[in-house]
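Single-letter residue listing:
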Amino acid sequence: QLQELGQLADTFNQMALELSRMYGDLERKVEEKTQALIRSNQSLQLMYGASRKLAGTPYSNSTLGEIIDELVVTTGVKHVSLCLNENDQQNRFTPLFFSDKEADARCAQSNCDDCYMHSVRQANFGIDIRDSSFPVRKNRNRYGILFVENQPGEHLAQWQIELFNAVSDTIA
């Protein structure tokens, strides 16, 4: 009878351990879903704000700068820059906003057509791990490029890629 009580106690302890593990997994899943909802809400707020700003006023450096600043805060990516032209007829883009000064020098030395084609290839075939660029285009009209530079070893998450694409489309 003492042996049966020992087995019962062991079984009870195993059940308690399993319940504890299951509860921990459930808490982790709830936290992941909560973070995903927070990100979605922030992304929606950013897109709504960007759409209102761009619809309500003519494009200006300050308006676009605010959108890029909000994009940096929402995504947590530190290095974002935007190069635009005034219409789809220009071949050379004008660097408008940089969240860091290193990007300014990089952009000034680059060939805009090469940068633009790189961004189109990334949009169609996948994102480069280190430097991502998103074409600012509508239909066949090309208006510029949104650049994102990750820190070494960092990758854009799918939600970040989708948000950068959405902002690029909204600006176009």
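The preceding data block contains the structure.
Heads up: these notes are all about the structure in this document.

Thresholds, definitions, all that
- By convention here, each chain's residues receive numbers from 1 onward along its written sequence.
- Reporting in this predicted model follows two pLDDT cut-offs: at least 70 for local features of residues, and 80 or more for side-chain atom pairs to be given and counted; totals over whole chains, interfaces and linings ignore these cut-offs and use all residues.
- Only hydrogens and water are removed before side-chain values are computed, so all heavy atoms of the structure are retained for them.
- Secondary structure counts use DSSP, requiring at least four H or I residues in a row for a helix and at least two E residues in a row for a strand, with both numbered from the N terminus.
- What a helix is expected to span follows from its residue count: subtract one and scale by 1.5 Å.
- Note on exposure labels: buried denotes an accessible area under 20% of the residue type's maximum, exposed denotes more than 50%, and partly exposed covers the range between, all computed with a 1.4 Å probe on protein chains only.
- Directions pointing from the helix axis toward each C-beta atom define the arc.
- Take a side-chain nitrogen of Lys or Arg and a carboxyl oxygen of Asp or Glu: if they are within 4 Å of each other, that pair is a salt bridge.

**Let's talk about helix 5 (residues 158-171)**
Inference 1: In a regular helix each residue adds 1.5 Å, so 14 residues correspond to 20 Å; helix 5 covers 20 Å between its end C-alpha atoms and thus fits that length.
Inference 2: Taken residue by residue, helix 5 has Q160, I161, L163, F164, V167, S168 and I171 as its buried positions. Buried positions in helix 5, seen along its axis, are confined to an arc of 165 degrees and lie on one side of it. With respect to the buried face of helix 5, the exposed residues turned more than 90 degrees away are Q158 and D169.

**Some words on the pattern of salt bridges**
Inference 1: In the structure shown here, the tally under the stated rule is four salt bridges.
Inference 2: Two residues, E66 and K53, come together in a salt bridge whose shortest N-O distance is 3.2 Å. With E66 in helix 2 (residues 61-75) and K53 in helix 1 (residues 2-56), the pair connects residues that are 13 residues apart, well separated along the chain.
Inference 3: We note a salt bridge from K53 to E70, for which the minimum N-O separation is 2.5 Å. Of this pair, K53 sits in helix 1 while E70 sits in helix 2, placing them 17 residues apart in sequence.
Inference 4: Under the relative-accessibility criterion, K53 is labelled partly exposed at 23%.
Inference 5: Salt bridges sharing common partners tie together K53, E66 and E70.

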